[in-house]
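Examination of the molecular architecture
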Amino acid sequence: ILNVEQSPQSLHVQEGDSTNFTCSFPSSNFYALHWYRWETAKSPEALFVMTLNGDEKKKGRISATLNTKEGYSYLYIKGSQPEDSATYLCALLRYNQGGKLIFGQGTELSVKP
Amino acid sequence: DAGVTQSPTHLIKTRGQQVTLRCSPKSGHDTVSWYQQALGQGPQFIFQYYEEEERQRGNFPDRFSGHQFPNYSSELNVNALLLGDSALYLCASSLAERDTQYFGPGTRLTVL
């Protein structure tokens, strides 16, 4: 993998469903992986910064895991609510590229009541 | 505490013109990064400024230039605008080069 890739591109779920997305990235020169949530007409909001292989972070109903050796991260949302509707972006920081965040194209989540 | 602010919110220009976008970082942050988000894509890194110097640059032509002021605010300048420069331009600030970046709401630039 040369770029940061996210799947699926979009997801439509019912309120109460649990869901997960994938972020795949090149594992060489890994420094950190950031997850952002971006609601329409608002600023992207930082969710997690993940740095260590095997990291697992949690914020309320949202959690994320990291595998730096195989180059992927999962974001999980338990019991989705309509207010979870947003685009979820992952972004890679690499050792040799300073503060340059390399973003995936995002996963657009829509939660219907 | 005000977060990252950007101005203007929207801007319409014609091909060949020049544009300046402005960003004020979150209080206490001294590092500012700029990103371009074209429709259907993730944000693309343009450059990062720290101590009034460009520290890192993405794959953008020299038509894209920037500046950081002593109060850490920043400007993004784009010369000789092309239709393809139409995008959302995001500014982000952070405490350090690789620290969490906090984003502003963006400036929507339309080039006609």
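Because the structure is a prediction, the values reported are computed rather than measured.

On inspection of all chains with the given rule, the structure shows two disulfides over all chains. Note that C23 of chain A is cross-linked by a disulfide to C90 of chain A, the S-S spacing being 2.0 Å. Judged by the torsion about the S-S bond (80°), the C23 of chain A/C90 of chain A disulfide is right-handed. Of the two residues, C23 of chain A is situated in strand 3 (residues 19-24) and C90 of chain A in strand 9 (residues 86-94); the sequence distance between them amounts to 67 residues. Bridging C23 of chain B to C91 of chain B, the disulfide has an S-S length of 1.8 Å. Its S-S torsion of approximately -60° makes the covalent link between C23 of chain B and C91 of chain B left-handed.

Looking now at the pairing of strand 7 (residues 62-67) of chain A. All names here are of chain A. Of all six residues in strand 7, six are buried; the element is thus mostly enclosed. In the sheet, strand 6 (residues 56-59) pairs with strand 7 via four bridges, with the strands oriented antiparallel. Within the sheet, the bridge partner assigned to K58 lies in strand 7 and is S63. Linking two consecutive strands that pair antiparallel, namely strand 6 and strand 7, is a turn of two residues; a positive phi of about 65° is found at G60 within it. Pairing between strand 7 and strand 8 (residues 72-77): six bridges, direction antiparallel.

A word on the interface of chain B and chain A. By a frequent convention, interface size equals the accessible area lost on bringing the separate parts together. Taken together, the contact between chain B and chain A spans 19 residues of the former and 21 residues of the latter. The junction of chain B with chain A conceals about 1,600 Å² of combined surface from both sides, 61% of it contributed by carbon and sulfur atoms. For the chain B face of the interface with chain A, the top three residues by lost area are P43, R98 and F103 of chain B, together amounting to 39%. Where chain B packs against chain A, one counts zero salt bridges. Connecting chain B to chain A are eight residue pairs in polar contact (both at pLDDT 80 or more). Elements that contribute at least two residues to the side of chain B that touches chain A include exactly strand 4 (31-37), strand 5 (44-50) and strand 9 (87-94) of chain B.

Before going further, it helps to spend a moment on the sheet that holds strand 6 of chain A. Residue and element names in this part refer to chain A. Here we have five strands laid out as an open sheet, ordered 1-3-8-7-6, and antiparallel in their pairing. Whereas interior strands pair on both sides, the edge strands pair on one side only; in this sheet they are strand 1 (5-7) and strand 6. Along the sheet, successive strands turn relative to each other by an average axial angle of 15°, direction set aside.

Conventions adopted
Residues numbered from 1 in each chain as written. Chains lettered and ligands numbered in written order. Predicted model: local features only at pLDDT ≥ 70, side-chain atom pairs only at ≥ 80, totals over all residues. Heavy atoms only, no water. Disulfide = S-S within 2.5 Å. Helix = DSSP H or I, 4+ residues; strand = E, 2+ residues; numbered from the N terminus. Buried < 20%, exposed > 50% of the residue type's maximum accessible area, 1.4 Å probe, protein only. Pairing = 2+ DSSP bridges. Contact = heavy atoms within 4.5 Å. Buried area = accessible area lost by both parts, 1.4 Å probe. Salt bridge = Lys/Arg side-chain N within 4 Å of Asp/Glu carboxyl O. Polar contact = N/O pair within 3.5 Å; in protein donor to acceptor, adjacent residues only side chain to side chain. Axes fitted to C-alpha atoms, helices over the stretch in contact; angles between N-to-C directions.

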